[in-house]
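Per-entry structural report
Residue-level listing of the chains:
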Amino acid sequence: MSIITLQSVKKDFGIKEILKDATFSIDVNDKVGLIGTNGSGKSTLLKMIAGIEPVDGGQILTNSGAKIIYLPQQPDLDENLTVLEQVFADSGEHTTLVREYEELTDKLAHYPEDSVLMSRLSNVMHQMDITGAWDLETNAKIILTKLGIADFDAKVGTLSGGYRKRIALATALLAEPDVLLMDEPTNHLDALSVEWLQSYLNRFRGALFLITHDRYFLDKVTNRIIEIDRGDIFSYAGNYSYYLEKKALAEESAISSQRKHQGVLRRELEWLKKGPKARSTKQKARIQRIQAMRETEFKQTQGKVDISTVSRRIGKKVIDLKSVSKAYNDRTLINDFTYEFSPEDRIGIIGGNGAGKSTLMNIITGRITPDSGTVEIGSTIHIGYFDQHSEDLLSAMNEEQRVIDYVKEEGEFIQIADGTKITASQLLERFLFPGSQQYAPINKLSGGEKRRLFLLRLLVSAPNVLILDEPTNDLDVQTLAVLEEYLEDFSGSVIVVSHDRYFLDRTVDTIFALEEGGNLRQYPGNYSVYLDYKKAEEAAQQEAANNQEKTKNNTEQKSTSSQVEAKKVEPKKRRRLSNWEQREFEELEGKIAKLESEKAATEKELLNVSPGEYTQVQKLYEQVEALKQAIDVATERWLELAEIDS
């Protein structure tokens, strides 16, 4: 059943037609990935569906009563609210009940005999039972923790943009909408948080319509891909891998059809050149058909970003870091790091948000001075630094400057990899900036287009060391794919900071993991290989913990046995165990062992359950606690009977 329907929707910004005649629907079980080049109108389409951006033609129909939540790239939050208050913002009745419950309990603490308050509290508690509002705060804290937020009482206004985006994401998830619209939800999330979000959305029961550059995420979460291609909408009934396969086949078919058309047209034009007289009906029809063929316009295959700029010579000495350390207040971000970068290095740097990855990049580039240690850069080294912070990129641009003039500052003609020179305009065409955009001011570009333009300017400067700090933020999947191909042939050193698992798998062969205390640990291979290492380490640690627990249990059992033996040699006490006590005593040892086994199995099951399955987590946790209590009671009773029997 369709929950949102677009009928002949049009959108035009003057210099660019965003949507020509968009017609499609979103069903209740759809999980749709929206893709297209930067500036194609993805975010605009999301805003139109959310009712924020008006349509220029057609209509968008939404089921009556459907709850739609929109998560923009730059969410607008109330800076005066705490983190928890903000995530409750879209939870409706649940939030009202929780707040009323807290207010009533606070008042009853001062007026415990107030029957009116007691009656209202009883009614609120009943409503909370019916609606499941008791779980609201627990679920909110679980989601926030999984997204890397620990201080629930912090004011939103004191937090960074990245943290605000994660709070907005938690708010959207907790609202449990019928349709969730998400614009780049994985930006500002580390790899572990992205994997958790991926798992959460797989279990999400509503419809999902999202924009993301994370191709693994698209593959795992979506069951449908919608592409915007120069104003037209194309739908593919599958995930991103399915889309790539069908897109390639469609492009091959389109090229084949165009070639056939051109072949037929060429033969027909040759016939026309012979000057046939249009006397017969057949000849007249043939001439009209030729004219129609000449007027036929084929939509060219979507242009791909073409990165083929040259890089300058690189010497043997690249960048040497010796005993580099950096701390802020009492927190060490980089601790005694020494490494000699080589011209062939392809290094990916990973770590949690705020771990110090960007700090390390800024130390390498000289933007930040280390507290101790040295940084030496080779005399032939020219660093190209692609900063993750959009505000830094934009500050380097004159917003009023024309797009083509921004590139021409590097030269009227640019040499590309094959040695030939092309104009700045031709290079912009290769970067999917058509003529109509080239003479427009930079402020007319979308955020993603500005980042693509900055990347173009960066590569035109011919660096031989590329430092890419979160390059996948705001770049479309098409640009990323070609950037990955460019890096394969790049004759220089590449250092990548990224949470994008797909990008890391394609571009690096060594992982530096920034761990607690500012220590950088090296792993050979790409990100997937790193994950294999980590899983093996965790398995080994778990096995060691199990062995330690087993040894501890054996020791305790021996100790208990020794105590029993010691008691056996002591003089018998006056009272002997009754028959039923003796039977209970004999059964208790087996019962305790069985309870211990059940507890171990339940704890193992609890470790393996997905964190998002709150009901199951709570159920298993309660089972473990109940088993612990049963073991304590049984052990105490066994010791009591053993004392009598001794």
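Scroll up to find the structure this text is about.
Residues numbered from 1 in each chain as written. Predicted model: local features only at pLDDT ≥ 70, side-chain atom pairs only at ≥ 80, totals over all residues. Heavy atoms only, no water.

To continue, consider the overall build of the protein chain. Counting its secondary structure elements, the protein chain contains 21 helices and 20 strands. Every one of the 646 residues in the protein chain was classed for burial, and the buried ones make up 45%. Of the contacts formed within the protein chain by residues at least 6 apart in sequence, a portion of 68% connects residues at least 24 apart. Of the roughly 33,500 Å² of accessible surface on the protein chain, 48% is carried by carbon and sulfur atoms. (Helix = DSSP H or I, 4+ residues; strand = E, 2+ residues; numbered from the N terminus. Buried < 20%, exposed > 50% of the residue type's maximum accessible area, 1.4 Å probe, protein only. Contact = heavy atoms within 4.5 Å. Areas by Shrake-Rupley, 256 points an atom, 1.4 Å probe, with all protein chains shown as cover.)

Strand order in the open sheet formed by six strands is β14-β17-β18-β12-β19-β20, and the pairing between neighbours is mixed. A single partner strand is all that each edge strand has here, and the edge strands are β14 (383-386) and β20 (519-524). Taking each pair of neighbouring strands and ignoring which way they run, the sheet shows an average axis angle of 15°. Relative to strand β19 (residues 510-515), strand β12 (residues 346-350) runs parallel, the two sharing four bridges. Bridge pairing in β19 places Gly-348 opposite Ile-511. Its contacts with the sheet place helix α17 (residues 477-489) against β12, β17 (465-469) and β18 (493-497), and it is angled at close to 150° to β17. (Pairing = 2+ DSSP bridges. Axes fitted to C-alpha atoms, helices over the stretch in contact; angles between N-to-C directions.)

Where like charges cluster on the molecular surface, the negative patch consists of Asp-76, Asp-78, Glu-85, Asp-151 and Asp-153. Tracing the backbone through its elements, the reader meets Asp-78 in the loop between β5 (68-71) and α2 (83-87). (Patch = residues over 30% accessible without salt bridge, like charges linked within 9 Å, V, L, I, M, F, W, Y side chains within 5 Å. Salt bridge = Lys/Arg side-chain N within 4 Å of Asp/Glu carboxyl O. Lys, Arg positive; Asp, Glu negative; His and termini not counted. Charge placed at Lys NZ, Arg CZ, Asp CG, Glu CD.)

Counting residues in hydrophobic clusters, the biggest one holds 54 residues, and the most contacted among them are Val-87, Leu-173, Leu-180 and Leu-201. Looking at which element gives the most residues to this core, the answer is helix α6 (residues 161-174), with seven residues. When neighbours within four sequence positions are excluded, Leu-180 is seen to be in contact with Ile-69, Ala-172, Leu-173, Leu-201, Phe-204, Ala-207, Leu-208 and Phe-209. Core analysis: the second largest hydrophobic core is formed by 43 residues, Ile-350, Leu-458, Phe-490 and Ile-511 among them. (Core = buried A, V, L, I, M, F, W, Y, C linked by side-chain atoms within 4.5 Å.)

Here we take up helix α7 (residues 191-203). The end-to-end C-alpha separation of α7 is 19 Å, in line with the 18 Å expected for 13 residues at 1.5 Å each. When we look at burial in α7, the residues that qualify are Ala-191, Ser-193, Val-194, Trp-196, Leu-197, Gln-198, Tyr-200 and Leu-201. (Expected span 1.5 Å × (residues − 1).)

Right, let's talk about the sheet that holds strand β8 (residues 224-229) for a bit. Strand pairing in a sheet relies on backbone hydrogen bonds, with the paired strands running either antiparallel or parallel. What the six strands build is an open sheet, ordered β5-β6-β7-β3-β8-β9; its pairing is mixed. Since the sheet does not close on itself, it has two edges, and those belong to β5 and β9 (232-236), each with one partner. On average, each strand axis in the sheet is tilted by 15° relative to the strand beside it, whichever way the strands run. Here four bridges tie β5 to strand β6 (residues 179-183), and the two strands are oriented parallel to one another. Bridge pairing links Ile-69 to Leu-180 in β6.

Given 3.6 residues per turn, any residue in an α-helix points the same way as the ones three and four places further on. With eight of eight residues buried, helix α11 (residues 357-364) is to be regarded as a mostly interior element. If you check which residues of α11 are buried, you get Lys-357, Ser-358, Thr-359, Leu-360, Met-361, Asn-362, Ile-363 and Ile-364. Immediately downstream of α11, the backbone of Gly-366 shows phi near 85°, a positive value.

Quick look at the packing of helix α5 (residues 135-146) against α6 now. Direction vectors running N to C along α5 and α6 enclose 140°, while the axes themselves pass 10 Å from each other. Taken as axis vectors, α5 and α6 run oblique relative to one another. At the point where α5 passes α6, the crossing takes the right-handed sense. Side by side, α5 and α6 meet where Leu-136, Asn-139, Ala-140, Ile-143 and Leu-144 of the first sit next to Ala-170, Leu-173 and Leu-174 of the second. For the contact of α5 with α6, the residue count by class is seven nonpolar, one polar and no charged. (Parallel < 35°, antiparallel > 145°, perpendicular 65-115°, else oblique. Left-handed = near helix turned anticlockwise from the far one by under 90°. Nonpolar A, V, L, I, M, F, W, Y, C, P; charged D, E, K, R; others polar.)

Let us now look at the pattern of salt bridges. If charged atoms from side chains of opposite charge come close, those side chains can pair. Tallying each qualifying case throughout the model produces 21 salt bridges. The salt bridge partner of Asp-371 is Lys-326, with a shortest N-O separation of 3.1 Å. A residue pair is termed long-range when its members are at least 10 positions apart, and Asp-371 in the loop between α11 and β13 (372-377) and Lys-326 in strand β10 (residues 319-328) qualify at 45 residues. Asp-371 gets classed as partly exposed once you look at its relative accessible area, which sits at 49%. We classify Lys-326 as buried; its relative accessible area is 11%. Residue Lys-450 is joined to Glu-399 by a salt bridge in which the shortest nitrogen-to-oxygen separation is 3.2 Å. One end of the pair, Lys-450, is in helix α16 (residues 447-460); the other, Glu-399, is in the loop between α12 (390-395) and α13 (403-408), with 51 residues separating them in the sequence. Judged by relative accessible area, which is 10%, Lys-450 ranks as buried. Classification of Glu-399 as partly exposed rests on a relative accessible area of 26%.

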